[in-house]
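Architecture and fold: a report
Residues per chain, in single letters:
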Amino acid sequence: MKAAVTKGLGQGFVVEDVTLAEPTGHEVRVEVRASGLCHSDLSVATFLGGEFPAVLGHEVAGVVTETGPDVTQVRVGDHVVGSLIQYCGACVNCLAGRTYLCERPETTVRAPGEAPRLSWNGEPVWNFSGLSGFAQEALIHENQLGVIPEEMPFAPAALLGCGVLTGAGAVLNSANVRQGETVVVMGAGGVGMNAVSGARLAGAGRIIVTDIEDGKLERARAFGATDVVNSRTSDPVEAVRELTGGGADHVFDFVGARPVTAQGFQMLGRGGGLYLIGIAGTDAGIDVSALSALTYSQKVQGVYMGSSHLKRDIPFYASMYLQGRMNLDDLVSQEIALDEIDAGYEALKDGTTARVVVTDLLR
Ligand SMILES: NC(=O)c1ccc[n+]([C@@H]2O[C@H](COP(=O)([O-])OP(=O)(O)OC[C@H]3O[C@@H](n4cnc5c(N)ncnc54)[C@H](O)[C@@H]3O)[C@@H](O)[C@H]2O)c1
Ligand SMILES: [Zn+2]
Ligand SMILES: [Zn+2]
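Criteria and thresholds
Residue indices begin from 1 for each chain and proceed along its sequence in written order. To read the labels, note that chains go from A and ligands from 1, taken in the order they are written. For a predicted model such as this one, the threshold for reporting local features is a pLDDT of at least 70, and the threshold for listing and counting side-chain atom pairs is 80 or more; totals across whole chains, interfaces and linings nevertheless cover every residue. With hydrogens and water stripped out, all remaining heavy atoms of the structure feed into the side-chain values. UniProt positions are given in the numbering used here, feature names are shortened, and annotations may be inferred rather than shown by experiment. Secondary structure is summarised from DSSP: a helix means a run of H or I of at least four residues, a strand means a run of E of at least two, and numbering begins at the N terminus for each. The cut-offs for exposure are 20% and 50% of the maximum accessible area for each residue type, with area from a 1.4 Å probe on protein chains only; residues under the lower value are buried, those over the upper are exposed, and the others partly exposed. Identification of polar contacts relies on pairs of N or O atoms within 3.5 Å, with a donor-acceptor requirement for protein atoms, meaning one able to donate a hydrogen and the other able to accept it, and with residues adjacent in sequence counted only if both atoms are side-chain atoms. Contacts between residues were defined by any pair of non-hydrogen atoms, one from each residue, lying within 4.5 Å. By the convention used here, strands pair only if DSSP detects at least 2 bridges between them. For Na, K and Ca the donor cut-off is 3.2 Å, and for all other metals it is 2.8 Å, counting N, O and S atoms only; because water is absent from this set, sites may look incomplete. Note on geometry: axes are lines fitted to C-alpha atoms, helical ones only across the stretch in contact, with angles between N-to-C directions running from 0 to 180 degrees.

Going by the annotation in an unreviewed UniProt entry, the name recorded for the chain is Zinc-binding dehydrogenase, with Streptomyces evansiae given as the source organism. UniProt lists a comment for the chain under the heading Cofactor (unreviewed entry), and it reads "Zn(2+)". Its UniProt record gives the chain the following Sequence similarities (unreviewed entry) comment, quoted word for word: "Belongs to the zinc-containing alcohol dehydrogenase family."

Considering the side chain of D227
Mapped onto the elements of the fold, D227 is located in strand β15 (residues 227–230). When its relative accessible area of 13% is taken as the criterion, D227 is described as buried. Only 3.0 Å separates the side chain of D227 from the side chain of R206, close enough to count as a polar contact. Leave out the neighbours within four places in its chain, and D227 touches R206, I207, I208, V209, R221 and L243.

Things to note about the pairing of strand β7 (residues 79–82)
Residues H79 and V81 line one face of β7 and the alternating positions V80 and G82 line the opposite face, and both faces are buried. Across three bridges, strand β6 (residues 59–67) lies against β7 in antiparallel orientation. Bridged to V63 within β7 is H79. Of the strand pairs in this sheet, β7 and strand β12 (residues 145–148) are connected by four bridges, and their pairing is antiparallel. Residue pairing in the sheet places V81 in a bridge with G146 of β12.

What to know about the coordination of the zinc ion (ligand 2)
All of the protein donors around the zinc ion (ligand 2) are C38 (SG), H58 (NE2) and C162 (SG); their distances to the metal are 2.0 to 2.3 Å. In the primary structure, the donors to the zinc ion (ligand 2) are separated according to the pattern C-x19-H-x103-C. Of the two residues, H58 is situated in the loop between β5 (54–55) and β6 and C162 in helix α3 (residues 154–174); the sequence distance between them amounts to 104 residues. Across the pair, exposure class does not vary: H58 and C162 are buried alike.

Observations concerning the sheet that holds strand β14 (residues 206–211)
Taken in spatial order, the six strands of this open sheet run β15-β14-β13-β16-β17-β18, and their pairing is parallel. Bordering the open sheet on either side are β15 and β18 (299–302), each of which pairs with just one other strand. Between one strand axis and the next, the sheet turns through 20° on average, direction left out of account. The pairing of strand β13 (residues 182–186) with β14 spans five bridges and is parallel. The partner of V183 across the bridge, within β14, is I207. Sitting on the sheet, helix α4 (residues 190–202) touches β13 and β14, and the angle it makes with β14 is about 170°. The strands touched by helix α7 (residues 258–266) within the sheet are β13, β16 (248–253), β17 (268–276) and β18, with β17 carrying the most contacts at an inclination of about 150°.

Listed below in structure tokens is the structure:
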């Protein structure tokens, strides 16, 4: 089968003939129909690194074509979405419903020494996040797959596995936003827009979005922002304090740069919470005033994958999409072929492109 192989840092995505093993145990063979380009894959391919050669891609939607002997949760013909949340289902965190904190995620992939899922020229290929979605087919543990209705188109479905779980999940699961509460979304990128959708579903009273590009703020309004603030041309802390009458209940940081995160903390009202989701660089972080935090009972929380339970949340968001209550179509700015991933990432640098999705898997 064809897969876009990353051969080393900075070497991009090159389509090659790659061999996929037969499914064993809980593995599921998925015919990939759509594969989203997320920033994290590019980070791995350009500076974070890993084991190369690799097949990256972790926003994947497709159809089940074969199941391993132990698979019970999906059937051939099911339409599925993969997620990079890897969980065993048996550790204390999994049993407590916090699968995103699983203590034994490695149980979802093949052990070292076992034949690899993917190989190229006889050499093993790194099966990134147990998904490797930049390929015609993928072998994925059944725990990493959420089932979606057949009516759901594949391109928006692919976004469910990472950007939607993260953005909407931060609002609905991590912060548990209640109706009438005030929400600030810092960073109107693809993930931030799903936080706006999540805030609408929660019935937030006010949804304020900050960014440094007017085009993105305009798009944020279309997604449901009630107020937008360009933090380059006005002071976002002052603006939020004024709009909320003293400070916000929830601030979601999708930017992850020290000065921006500090502003986020200053935007909090009494009892408010700041949620850290984005990371712009390795020095991302925050110094918190203990005096303010304790006087006003404020909190700061890091959020991994929107505290999501993928088996529950992927079908839920699919249903919200099909009911017209979650806008995903406007996040799919461009559909490309498997051999155009480098160009796709280039296009993402342009402020008007929200997400690029591979939907032509034939070349
Ligand atoms: N925590 C997790 O589990 C998780 C999962 C997926 C993605 N992420 C992270 O979430 C972040 C957001 O992802 P994305 O795809 O939306 O990225 P993106 O680059 O599309 O969005 C970031 C936005 O922040 C804006 N921005 C930059 N500086 C700003 C400032 N000073 N004030 C306000 N806005 C500013 C940019 O213009 C851009 O619109 C990324 O860092 C990504 O790695 C985290
Ligand atoms: Zn991602
Ligand atoms: Zn577990």
